[in-house]
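Residues per chain, in single letters:
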Amino acid sequence: MLLAVDIGNTNITIGVFKGKRLVTTYRMATVYTRTSDEYGMVMCELLEKNGVAVEEITDVIVGSVVPDVMHSITNSIIKYFNTKPIIIEAGIKTGIRVAGRNPRQVGADRIVDAAAVYELYGGPAIVIDYGTATTFDLVDEDGTFTACVIAPGVRTSAQSMWTMAANLPEFEIRKPRTILAQDTISCMQAGLVYGQVGQTEYIVNRMKEEFGRDDVKVVATGGYGRIIEKETDIIDKYDPQLTLHGMRIIFERQKK
């Protein structure tokens, strides 16, 4: 089985594949101070709880946007899974060509999403990842990562309100009953959710306009993507496991 480890700024998402089938997924917090033993024990325990024996894991692939935890994660995989992980980094075969002045600056998570959307849905396509930041990445019809937009993420925007404004409380991130809100929390929810919807629609339409194509598929992923996807017709498909499948696709390319 293949263990795919997607390390984000807030959470680490892990998927287990048997061939092309995603068997199980789980998440844990990205903790900078965890040791390799702590990461290894947590991963092993979560696998066992999900009915996967550690011995069944034969390969591991890791994608990360958090360099500070890579030493601990890599050592934990070597020690507890007895295998050296494939790291998604510059030089690895992804099937995606990155255009632009500094291709090496493009994060592993975005290359993975681009590889997944191109393989699974074809191009041209815009993949929107609603993570710590919200990213809009354009992949053209021949698999070239052409352009991107990076905006504050849903939760990042919410946290900025309740941490930077003394009189604004912490609130649940969800769509309010109506945009015509009358209490503080509903007002904040309305501004956050509908603001993200408006941002999504404007950015996607502007990217299509400047790209000169209207036949661009729009695929969304990320934890808060489902909330936004339900409120707009601009998104063609919501795929919560897109990144994990992208990691599987890249892993398979290394074996060819």
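Residues numbered from 1 in each chain as written. Predicted model: local features only at pLDDT ≥ 70, side-chain atom pairs only at ≥ 80, totals over all residues. Heavy atoms only, no water.

Asker: Hey, could you run me through the packing of helix α3 (residues 108-121) against helix α7 (residues 242-254) in this one?
Answerer: For any two helices packed against each other, one specifies the crossing angle of their axes together with the interaxial distance. Contact pair α3 / α7: the axes reach a minimum separation of 8 Å and the direction vectors enclose 85 degrees. By the angle between their directions, the pair α3 and α7 is classed as roughly perpendicular. For the pair α3 and α7, the contacting residues are Val-112, Asp-113, Ala-115, Ala-116, Val-117, Glu-119, Leu-120 and Tyr-121 in the first and Leu-242, Thr-243, His-245, Gly-246, Met-247, Ile-249, Ile-250 and Arg-253 in the second. Looking at the contact of α3 with α7 residue by residue, the class counts come to ten nonpolar, three polar and three charged. (Axes fitted to C-alpha atoms, helices over the stretch in contact; angles between N-to-C directions. Helix = DSSP H or I, 4+ residues; strand = E, 2+ residues; numbered from the N terminus. Parallel < 35°, antiparallel > 145°, perpendicular 65-115°, else oblique. Contact = heavy atoms within 4.5 Å. Nonpolar A, V, L, I, M, F, W, Y, C, P; charged D, E, K, R; others polar.)

Asker: Explain the sheet that holds strand β7 (residues 125-130) to me, please; I cannot follow it from the model alone.
Answerer: Strand pairing in a sheet relies on backbone hydrogen bonds, with the paired strands running either antiparallel or parallel. Read across the sheet, six strands follow the order β6-β9-β8-β7-β10-β11 without closing on themselves; strand pairing throughout is mixed. Both edges of this open sheet fall to β6 (97-98) and β11 (237-238), since each of them pairs with a single strand only. With two bridges joining them, strand β10 (residues 217-221) and β11 adopt parallel strand pairing. Considered in β11, the bridge of Val-219 is made with Lys-237. The sheet contacts of helix α5 (residues 184-211) involve β7, β8 (133-139), β9 (144-152) and β10, and relative to β8 the element is tilted by about 20 degrees. (Pairing = 2+ DSSP bridges.)

Asker: Mind showing me how you'd approach the pairing of β9 here?
Answerer: The side chains of a regular strand alternate, residue by residue, between the two faces of the sheet. Across two bridges, the pairing between β6 and β9 is parallel. Its bridge partner lying in β9, Val-98 is registered against Phe-145. Sheet topology note: the β8/β9 ladder contains seven bridges and is antiparallel. When the bridges of β9 are listed, Ala-133 appears paired with Pro-152.

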